[in-house]
Amino acid sequence: AQPCFFRPLFGGSGARQTGAMYKFKEIQTIPPAKQLVDIVLSKTNRKTPTVVHPGFKITRIRNFYMRKVKFCQTTYGEKFGKILEDFPKIDDIHPFYADLCNVLYDRDHYKLALGQVNATKKIVDSIAKDYVKMMKFADSLYKCKMLKRAALGRMCTSVKKLSGSLSYLEEVRQHLGRLPSINPATRTLILTGYPNVGKSSFMNIVTQANVDVQPYAFTTKSLFVGHLDYNYVRWQVIDTPGILDHPLEDRNTIEMTAITALAHLPAAVLFFVDISEMCGYPIPVQVALFHSIKPLFRNRPLLIILNKTDIRKMSELSPEERALLDSMKEGAEESVHFFETSCATREGVDAARNKGCDLLLGRRVEQKVKQGKADSLRSRLHIAGGAPPANRPPYIPESVARAKAGEADADMEDGKQEKLERDRMEELGGAGVYSVDLWKRAILQDPSWKYDVVPEIMDGKNIYDFVDPDIDKKLAELEREEELLMQEAALRNDEGVLKEFSKTQHVLDELHSRMRQRRLERKLAKNRNHAPTMRKGRLKAEEVEEKLNKSGKDGSKVRARSASKKIRSSSLLGKRKRDASGGAVEDAGGRTGSAARAGSARSMSRMKGMPSEEVAQSAEKQRRKKMRLHQKLGKRGEADKHIPDWKPKHLFSGKRGIGKTDRR
């Protein structure tokens, strides 16, 4: 069950004041003062504009900074208002919870903490109001900024002074969330007495609770609540901590919680006495405690539970101890009921519980009658009555009328009485041997069919469930349809169509293969630096030689050039000779030979340090590739965007400590 108490409704009285339920777990967590300042300032920075320039109009600059101050004030007001709204007000709640809060948290300290929160809320509002008024007269961005900074600083300073109150309220919130759910207006049984007399054991028996039970005193240090059902209504049972016999001002917080429950809850009181004295307190001390707290039992049903009778019987008590127990009846306004119980053997536990519930239920009914609530309940009920209508007289069977008149013969009635299946089962071997006849009352056309063997197939269905009277007709239609389909398939020339399709597919595959080959050739030819020459545009060497001879030039040079080109094309290191041109004329002497020697010298210089021609070609390829990259990068200028390091190490290495994400 969720911890809760009941907030009073305005304009009500008595039990109506406990109608609106209040749940402690709904109180939001209260952050420390420093963390609250960080939360509010971070939200102010995130939810308000962040860009302002001195060139803006002064009215725009003022509004920019005024908005920040007002937003900060509103956020603080929402936080403090939520705290004041969530926490219960001592003067407005049920007296039981008011005294319980006074015992656990000190009423004055609690009120003082909430009052300081309320005062700080008003101080923040006044600071924001004053600085917004001063911002209206600022004539520069710097003045507006300094006023905003001062306003937020003063707000944060006033909030940081609340650190003690906020930490105290957070502890109270955590403790309130752990309190049990006690309804002061419902039917309640309160278990009280000295420590270790068996209260928690009694509660574990009569309810579904699981209270810790140990063989030493003050195992129960707070109120525990369990629930039980009796007479079709819900009851709550409260297990209180043990109470010692000393003055009220000397009692500690644990004992005062029990005193608070006894003083304010209208419940039946079960006072436990350990007659075996195994709890460590003799009977005279326990009786003295009863007389000291007897005023708290006024106007409440009272039961004295003489517990642990399995260890020591009542007959074993001395006359002095019996006289002390009898003295507990003296001075009582109502009769005091004694019950001998044993939680170990559960003897007398149910009787004590039932008696306590009956006494409290009778007292609650009497109070409702005295207060006039029973009349209001009776006025909401309508009891139908009157004589039966003449057209519908009551019908009473003859056997019932004879039984009422006593005229029926017992022997005849026994003879007419039908034997039950239970009696038949007992006669024929009992449960597990006797089998019930399920077909005995079956209504069939022929009663002899009842016990025929049914040929079950699956899921209780037999063959007849699957028989169709028109099955022969449907089978003939299916066969006729199948014949028509076979004839239609024979008329279609499927094999010819498939052959034509395969031929077409073969042609398409060949065409696609050629297209892929051309695409690959174009891709490989992309690295060439000269424009491609169409095949039709090229001329054969014989045609060029013949054309030059007709024009009066020497065509043999072209033949020599094409031959040298073939030799040179086999090497990447070769270079075109100077004399291999269409209009070149060989000089007298050895001009051509010198050019050849120079070309071979250059190729030999490139071969220096290379073990073979293949290695030299590979190096040349790498050189040309690098040159292309340099040519590409050479087009970049100073104005082009350049990011030297995409992930700087000082920003992406190591762990970030607490407080490193502050962006304010």
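Residues numbered from 1 in each chain as written. Predicted model: local features only at pLDDT ≥ 70, side-chain atom pairs only at ≥ 80, totals over all residues. Heavy atoms only, no water.

Engineer: Just to check I follow, could you spell out a positive patch on the surface for this structure?
Structural biologist: Positive charge collects at one region of the surface, where Lys 70, Lys 129, Lys 133 and Lys 136 lie side by side. Within the secondary structure layout, Lys 70 lies in helix α2 (residues 58-86). Exposure remark for Lys 70: the relative accessible area of 41% places this residue in the partly exposed category. (Patch = residues over 30% accessible without salt bridge, like charges linked within 9 Å, V, L, I, M, F, W, Y side chains within 5 Å. Areas by Shrake-Rupley, 256 points an atom, 1.4 Å probe, with all protein chains shown as cover. Salt bridge = Lys/Arg side-chain N within 4 Å of Asp/Glu carboxyl O. Lys, Arg positive; Asp, Glu negative; His and termini not counted. Charge placed at Lys NZ, Arg CZ, Asp CG, Glu CD. Helix = DSSP H or I, 4+ residues; strand = E, 2+ residues; numbered from the N terminus. Buried < 20%, exposed > 50% of the residue type's maximum accessible area, 1.4 Å probe, protein only.)

Engineer: What should I look at first to understand the pattern of salt bridges in this one?
Structural biologist: Two side chains with opposite charge may pair up if their charged atoms get near one another. Per the counting criterion, the structure on display carries 19 salt bridges. Among the ionic pairs, Asp 274 bridges to Lys 308, the shortest N-O distance being 3.2 Å. Taken together, the residues span a long stretch of sequence, with Asp 274 in strand β6 (residues 268-274) and Lys 308 in the loop between β7 (302-307) and α10 (319-326) at a distance of 34 residues. Across this residue pair, the class does not change: Asp 274 and Lys 308 are buried. Note that Asp 468 and Lys 474 form a salt bridge whose closest N and O atoms lie 2.8 Å from each other. Look at Asp 468 and you get partly exposed, because its relative accessible area is 26%. What emerges from the salt-bridge pattern is a single network uniting Asp 91, Asp 99, Arg 107 and Lys 111.

Engineer: It is not clear to me how the packing of aromatic side chains should be interpreted in this structure. Could you clarify?
Structural biologist: Pairs of aromatic rings are described using the distance from one ring centre to the other and the angle between the two planes. Tallied over the full model, the rule gives 10 aromatic pairs. Judged by centre distance (5.0 Å) and plane angle (70 degrees), the rings of Phe 96 and Tyr 97 are edge-to-face. Between Tyr 194 and Tyr 281 the ring centres are 4.4 Å apart and the planes differ by 35 degrees, which places this aromatic pair in the tilted class. Highlighted residues: Tyr 194 in the loop between β3 (188-193) and α7 (199-206) and Tyr 281 in the loop between β6 and α9 (283-292), separated in sequence by 87 residues. (Phe/Tyr/Trp six-rings, centres within 6.5 Å; stacked < 30°, edge-to-face > 60°.)

Engineer: Help me understand the side chain of Ser 276 in this model?
Structural biologist: Looking at the element boundaries, Ser 276 is found in the loop between β6 and α9. Within the local environment of Ser 276, its side chain forms a polar contact with the side chain of Asp 274, the two groups lying 2.6 Å apart. (Polar contact = N/O pair within 3.5 Å; in protein donor to acceptor, adjacent residues only side chain to side chain.)

Engineer: Would you take a moment to explain the environment of Lys 148 for this structure?
Structural biologist: Along the chain, Lys 148 turns up in helix α5 (residues 141-160). We classify Lys 148 as buried; its relative accessible area is 19%. With residues up to four places along the chain from it excluded, the contact list for Lys 148 reads Tyr 65, Lys 68, Val 69 and Met 135. (Contact = heavy atoms within 4.5 Å.)

Engineer: So what exactly am I meant to see when it comes to the sheet that holds strand β8 (residues 337-340) here?
Structural biologist: In sheet architecture, strand pairing relies on hydrogen bonds along the backbone and comes in two forms, parallel and antiparallel. Pairing is mixed across the open sheet formed by six strands, whose spatial order is β4-β5-β3-β6-β7-β8. Of all strands in the sheet, those with a lone pairing partner are β4 (224-230) and β8, marking the two edges. For this sheet, the mean angle separating the axes of adjacent strands, direction not counted, is 25 degrees. Relative to β7, β6 is paired through six bridges, and the arrangement is parallel. Across the sheet, Phe 272 pairs through a bridge with Ile 305, a residue of β7. The strands touched by α9 within the sheet are β3, β6 and β7, with β6 carrying the most contacts at an inclination of about 160 degrees. (Pairing = 2+ DSSP bridges. Axes fitted to C-alpha atoms, helices over the stretch in contact; angles between N-to-C directions.)

Engineer: Would you mind showing me how to read the pairing of β4 here?
Structural biologist: In regular strands, side chains alternate between the two faces of the sheet. Two elements, β4 and strand β5 (residues 233-239), share seven bridges in a ladder whose sense is antiparallel. The residue of β5 that forms the bridge with Asp 229 is Arg 234. Connecting β4 to the next strand, β5, in antiparallel fashion are two residues, including Asn 231 with a positive phi near 60 degrees.

Engineer: What exactly am I supposed to notice about helix α11 (residues 349-371) here?
Structural biologist: Since one α-helical turn is 3.6 residues long, residues separated by three or four positions face the same way. Its 23 residues give α11 an end-to-end C-alpha distance of 33 Å, which sits within 8% of 33 Å, the value for a rise of 1.5 Å per residue. Among the residues of α11, those classed as buried are Val 349, Ala 352, Arg 353, Gly 356, Cys 357, Leu 360, Arg 363 and Arg 364. With its phi angle positive at about 80 degrees, Gly 372 sits one or two positions after the end of α11. (Expected span 1.5 Å × (residues − 1).)

Engineer: Where do I start with the confidence of the model for the protein chain in this structure?
Structural biologist: Predicted coordinates in areas of low pLDDT are best not read in detail. Summary statistics for the protein chain give a mean pLDDT of 81 and a share of 83% for residues scoring 70 or more. pLDDT under 50 marks residues 1-20. Its contacts with residues more than four places away, or in other chains, come to 50 contacts. Low pLDDT, under 50, characterises residues 571-577; the stretch is placed with 16 contacts to residues that sit more than four places away or in other chains. (pLDDT = per-residue confidence, 0-100.)

Engineer: What am I meant to see in the side chain of Ser 327 here?
Structural biologist: The residue Ser 327 is located in the loop between α10 and β8 in this model. What Ser 327 contacts, discounting residues up to four positions off in sequence, is Val 287 and His 291.

Engineer: I would appreciate a short explanation of the pairing of β6 in the present structure.
Structural biologist: Counting buried positions along β6 yields seven of seven residues, so the element is predominantly enclosed. Of the strand pairs in this sheet, β3 and β6 are connected by five bridges, and their pairing is parallel. Bridge pairing in β6 places Ile 190 opposite Val 269.

Engineer: Explain a nonpolar patch on the surface here, please?
Structural biologist: On the surface, Val 436, Leu 438, Trp 439, Leu 444, Trp 449 and Tyr 451 cluster together to form a nonpolar patch covering roughly 690 Å² of accessible area. Position of Leu 444 among the secondary structure elements: in the loop between α15 (421-427) and β9 (456-458). Judged by its relative accessible area of 35%, Leu 444 is partly exposed.

Engineer: Just to check I follow, could you spell out the packing of α2 against α5 for this structure?
Structural biologist: In a pair of packed helices, the angle between the axes and the distance between the axes together describe the arrangement. At a minimum axis distance of 8 Å, the contact between α2 and α5 shows a crossing angle of 10 degrees. By the angle class used here, α2 and α5 are roughly parallel. Listed contacts from α5 to Ile 61, Arg 62, Tyr 65, Lys 68, Val 69, Cys 72, Gln 73, Tyr 76 and Phe 80 of α2 are Leu 141, Cys 144, Lys 145, Lys 148, Ala 151, Leu 152, Met 155, Cys 156 and Val 159. (Parallel < 35°, antiparallel > 145°, perpendicular 65-115°, else oblique.)

Engineer: Sorry, what's going on with the packing of helix α3 (residues 95-105) against helix α8 (residues 253-264) here?
Structural biologist: At a minimum axis separation of 9 Å, α3 and α8 run at an interaxial angle of 170 degrees. Viewed along their axes, α3 and α8 adopt a mutual orientation that is roughly antiparallel. From α3, Pro 95, Phe 96, Asp 99, Leu 100, Val 103 and Leu 104 reach across to α8, where they touch Thr 253, Met 256, Thr 257, Thr 260, Ala 261 and His 264. Considered class by class, the residues forming the contact of α3 with α8 number seven nonpolar, four polar and one charged. (Nonpolar A, V, L, I, M, F, W, Y, C, P; charged D, E, K, R; others polar.)

Engineer: Hey, could you run me through a negative patch on the surface in this one?
Structural biologist: Taken together, the side chains of Glu 477, Glu 479, Glu 481, Glu 482 and Glu 483 define an acidic patch exposed on the protein surface. Position of Glu 479 relative to the elements: it lies in helix α16 (residues 471-491).

Engineer: What's the story with the environment of His 337 in this structure? I'm lost.
Structural biologist: Within the element layout of this structure, His 337 appears in strand β8. Considered as a pair, His 337 and Leu 302 are 35 residues apart in the sequence and their alpha carbons are 6.8 Å apart. The residues touching His 337, leaving out its near neighbours within four places in the chain, are Leu 302, Leu 303, Ile 304, Lys 355 and Leu 359.

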